[in-house]
Amino acid sequence: MSNKPPGLLTAADEAVAPDAATLLDDPQEWAAFGRPHGKAAAQPLPPTETAWESHVVLEGMHCAACALTIEDALRRVPGVSDVDVSAATRRARVVWNPVQVLPSQWMEAVRKAGYRPIPALDALAREERRRENRRALWRWLVAGFCMMQVMMYAWPAYQAMPGDLSFEMEQLLRWASWVISLPVVLFACGPFFSSALRDLRQRSVSMDLPVALGMLITFVVSMLGTFDPTGPFGREVYYDSLTMFVFFLLTGRWLELRLRDRTAGALEAVMNRLPDSVERRMAAGGFERVATRRLQLGDVVRVLPGEAFPADGCVLSGSTQADEALLTGESKPVAKRPGSTVTAGSYNLRSTVEVTVQALGAQTRFGQIVALMESASLQKPRLAQLADRVARPFLVGVLLAAALAVVWWWPTDPSHALMVAVAVLVVTCPCALSLATPVAMLTAAGTLARKGVLVRNLQALEALATVDTVVFDKTGTLTRDRLAVVDTRVAPGAGLTPGQALSLAAMLARHSLHPVSRALVAAAETLPRLDASWRLDAVEELAGAGLQAQATWEGHGQVLLRLGSAAHARVPADEGAQQQVVLSLEQAGQVSELARFDLSEELRPETPAVVQQLRAAGITVELLSGDHGLAVQRVAGLTGIQAARGGCSPQDKLQHLQALQAQGHKVAMVGDGLNDGPVLTGADASLTFGKSVALAQSRSDIVVLGDNLALVSQTVLVARRTMHIVRQNLWWAAGYNAVGVPLAIAGYMPAWLAGLGMALSSLLVVLNAARLTRTGGRDVASAAVATSGQEAMGVA
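Given the structure is predicted, the values throughout are model-derived calculations rather than measurements. (Residues numbered from 1 in each chain as written. Predicted model: local features only at pLDDT ≥ 70, side-chain atom pairs only at ≥ 80, totals over all residues. Heavy atoms only, no water.)

Visitor: Quick question: what am I supposed to make of the environment of F366 here?
Guide: Relative to the helices and strands, F366 is located in helix α13 (residues 365-377). For the pair F366 and P310, spaced 56 residues apart in sequence, the C-alpha separation works out to 9.7 Å. (Helix = DSSP H or I, 4+ residues; strand = E, 2+ residues; numbered from the N terminus.)

Okay, here's the thing in structure tokens:
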């Protein structure tokens, strides 16, 4: 009987409960491990009428062949339209239609394939990972203890001269070794044998099949030599080799498991920030603890110090500080008082507060971040896809090579022939080849995520590592997005005061998220609104130009308002102005200028250092902007950018980028604004800041959540470092197999050495990738120090 209060059963608890089919098939549970898919996510339809995208953690998979087996099993289920399984993260993404199939049904298909699915983002999934680590540790300890004992009994046979050991003593040592090897075979080797049986039932091949076959052959040959010392296999026993290579394999697998938690598991650690349960106010006034997924809009929750906020909301009572580093890139605690907004996934640092829930799940900023990270964690880079395709044929080739080795060596010595086959079966490792690319890229993505950089597209890391040109937008990228209105000039005869002109411009600007629009809204915040005399009927934002609206002006009728550049407003440009927005009116075909607004912007203090760092790395830096040419040249001069162009429309930017690509350049675009959308799509790699508009964010490969431009240059350097490590991993994995297999077939590699080589092959790949966790952190930290130094020197 569970001691959890009602409502606290997790989705994973329910997955293993007797009535799992009923519980997991409840539409209210689907949001616990998934979200509506595609366009359905934006449509307020009932859960049973939309396609769903669910994520599960998979137990029992160890290699790329396992991932292919699971994908094949799920694709055969009617109603499952798309499947992605990652061997590096051991997670699966399943897109399914509730009209045709329910979660319990496609999960049952995974179980029939021999694997156990657990709903992701769930408490029991994390607990199951800890239990798996403990079981792996126990198997390793048993194998290590038994190996030492068997080696102690085998040592006299290796050291004794002819006649030193009597037949009876030699047999006693063999029987002792057999007894001590039993726990290794029956307990420590359990995962290998169970996976091999699953492969045989499914008529498939995974990495554990040749390994288990090698273990079984070694034990049977040694047992025959023990039970019948005068028979064909009685000349020598191999209990020491068996226990040694089992110990080495388990050592490698356990260390690999721990390293994966530190590397590829870093993404999962970020995604699992929400609490499993929270205190919710009851109708009677008290509080009860309920599962977070049971919350609804309007609920009042009590968040204790040290807990994460479960949803976006507004502080109702209490004051505290919140850690919003992951969500905003701001490392300093943020004060929260009654009326302040809090975001899901941020941590309550100081005192208890009560919060009214205003947004849940995928509608929160944290939910959007999780969606980006889940998508990245399941992507298969191009090199990883190639490795996965060769995994199964490679394993089949291994089995054939082992069989040929037996045929070749059998006439000479049957016992030696079988041990050569064992060495061939054990030494091969396609896992290293399959893990070489994804584990390095996921490690880099996890390292960057902890620093406030989200990688939406893993393939972009490969593209970013090859770029030789970085193109920056100006407003909101090289400069801060906090523009300020410094002067309002009303045109003669406009019939408006400066305050009225600014208020009218702010009415239009409220329909845009562009930094210029936000500056106008902020400047007019204390001014009275013109809602009584003006009414906007339809507002349209034109990318790279500005805003226009059909409006009704009291006493004047219907007019067309335009706010933006002088060209957009259809008035003459002010050649002396650097940063200016014009408000104009058109009626009956006549255009009249109403007002001009001069703005100023602040250069990010770290910008010159970032440009210098990119140029030191051999990257050309350019600046393209839709702003006035004088303003663009001023920023280029302050930052050291030699190639700069102003007055660019979105099409101009795209044409310039395509011209660079036609010359053979690899181009990365860094932007923040509505007019960056087309060029972000056309770039080889694209980066945007997390505060940018939705269009730019949705089209970029990498999102920088913080407000520090130094993260852009550091991301480029981490991408280069990542691909360097990927190439190292691929060369190691390919070279190891190219050398190890021929040596094993030739009989020059004993089984224990084959086991050590196999364990080290995968372990070195993961260990090499783990260097990115230290390198990335050090690089970003160095950037932060450099930025602080630039600020102290007053670069801006």
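Structure's up, so let's keep going.
Visitor: Whenever I open this one, helix α25 (residues 650-662) confuses me. Can you help?
Guide: Each full turn of the α-helix corresponds to 3.6 residues, which orients residues three or four apart in the same direction. Over its 13 residues, α25 runs 18 Å from end to end, which matches the ideal 18 Å to within 8%, given 1.5 Å per residue. Looking at α25, one finds that the buried residues are P650, K653, L654, H656, L657 and L660. The arc enclosing the buried residues of α25, seen along the axis, measures out at 160°, which places them on a common side. Looking at the residues trailing α25, positive phi occurs at G664, about 95°. (Expected span 1.5 Å × (residues − 1). Buried < 20%, exposed > 50% of the residue type's maximum accessible area, 1.4 Å probe, protein only. Arc of directions from axis to C-beta.)

Visitor: Would you take a moment to explain the sheet that holds strand β19 (residues 546-553) for this structure?
Guide: Within a sheet, each strand pairs with its neighbour through backbone hydrogen bonds, oriented either parallel or antiparallel. Here 6 strands make up an open sheet; going across it, the order is β17-β22-β21-β20-β19-β18 and the pairing antiparallel. Pairing within the sheet leaves two strands with one partner each, and these edge strands are β17 (484-490) and β18 (534-542). Here the strands of the sheet are splayed against their neighbours by 20° on average, with no regard to which way each runs. For β19 and strand β20 (residues 557-564), the ladder comprises 8 bridges, and the chain directions are antiparallel. Paired with T552 across the bridge in β20 is Q558. Of the strands in this sheet, β17, β19, β20, β21 (580-587) and β22 (590-600) touch helix α21 (residues 515-523), which is tilted by about 75° from β17. (Pairing = 2+ DSSP bridges. Axes fitted to C-alpha atoms, helices over the stretch in contact; angles between N-to-C directions. Contact = heavy atoms within 4.5 Å.)

Visitor: Help me understand unusual backbone geometry, please; the structure alone is not making it clear to me.
Guide: Across the chain, the bulk of peptide bonds are trans and the bulk of non-glycine residues have phi less than zero. Unusually for a residue other than glycine, R570 sits at a positive phi of about 65°. Along the chain, the position of R570 falls in the loop between α22 (566-569) and β21.

Visitor: Got a minute to help me understand the sheet that holds strand β14 (residues 353-359) in this structure?
Guide: Strand order across the open sheet formed by 6 strands is β7-β6-β8-β14-β9-β12, with antiparallel pairing between neighbours. One side of each edge strand has no neighbouring strand; the edge strands of this open sheet are β7 (287-291) and β12 (341-342). Relative to β7, strand β6 (residues 277-281) runs antiparallel, the two sharing 5 bridges. For R281, the partnering residue across the bridge sits in β7 and is F287.

Visitor: Could you clarify how one ought to interpret the environment of M147 in this entry?
Guide: Structurally, M147 is set in helix α6 (residues 123-159). Sequence spacing of M147 and V246 is 99 residues, and the spatial spacing of their C-alpha atoms is 8.8 Å. Each residue touching M147, except ones within four places of it in the same chain, is listed here: T243, M244 and F247.

Visitor: Whenever I open this one, the packing of aromatic side chains confuses me. Can you help?
Guide: The geometry of an aromatic ring pair comes down to the distance between the two centres and the angle between the two planes. The final tally for this structure, using the stated rule, is 13 aromatic pairs. On the basis of an interplanar angle of 15° and a centroid distance of 4.5 Å, the ring pair of W534 and W553 is categorised as stacked. With W534 in strand β18 and W553 in strand β19, this residue pair connects regions lying 19 residues apart in the sequence. Take W534 and W553: they sit in the same class, and that class is buried. The rings of W30, W52, W96 and W106 are connected pair by pair, giving a single aromatic cluster. (Phe/Tyr/Trp six-rings, centres within 6.5 Å; stacked < 30°, edge-to-face > 60°.)

Visitor: Please explain the pattern of salt bridges as it appears in this structure.
Guide: Side chains that differ in charge, positive against negative, can pair when their charged atoms come close. Taken as a whole and judged by the stated rule, the model has 20 salt bridges. With its nearest N and O atoms 2.7 Å apart, the salt bridge here joins R93 to D84. D84 sits in the partly exposed class, given a relative accessible area of 25%. Put simply, E586 and R570 hold a salt bridge, and the shortest N to O gap is 3.8 Å. On the criterion of sequence distance, the pair formed by E586 in strand β21 and R570 in the loop between α22 and β21 is long-range, its members being 16 residues apart. A residue is classified by how much of its surface remains accessible, and E586, at 17% relative accessible area, is buried. (Salt bridge = Lys/Arg side-chain N within 4 Å of Asp/Glu carboxyl O.)

Visitor: Honestly, the nonpolar core in this entry has me stumped. Any pointers?
Guide: Across soluble globular proteins, nonpolar side chains show a tendency to be buried alongside one another. In terms of nonpolar packing, the biggest core is built from 55 residues, with M215, F245 and V246 touching the most fellow members. What M215 contacts, discounting residues up to four positions off in sequence, is C189, F192, F193, L242, F245, V246 and L249. In terms of nonpolar packing, the next biggest core, distinct from the first, is built from 51 residues, A444, A636, V766 and L772 among them. (Core = buried A, V, L, I, M, F, W, Y, C linked by side-chain atoms within 4.5 Å.)

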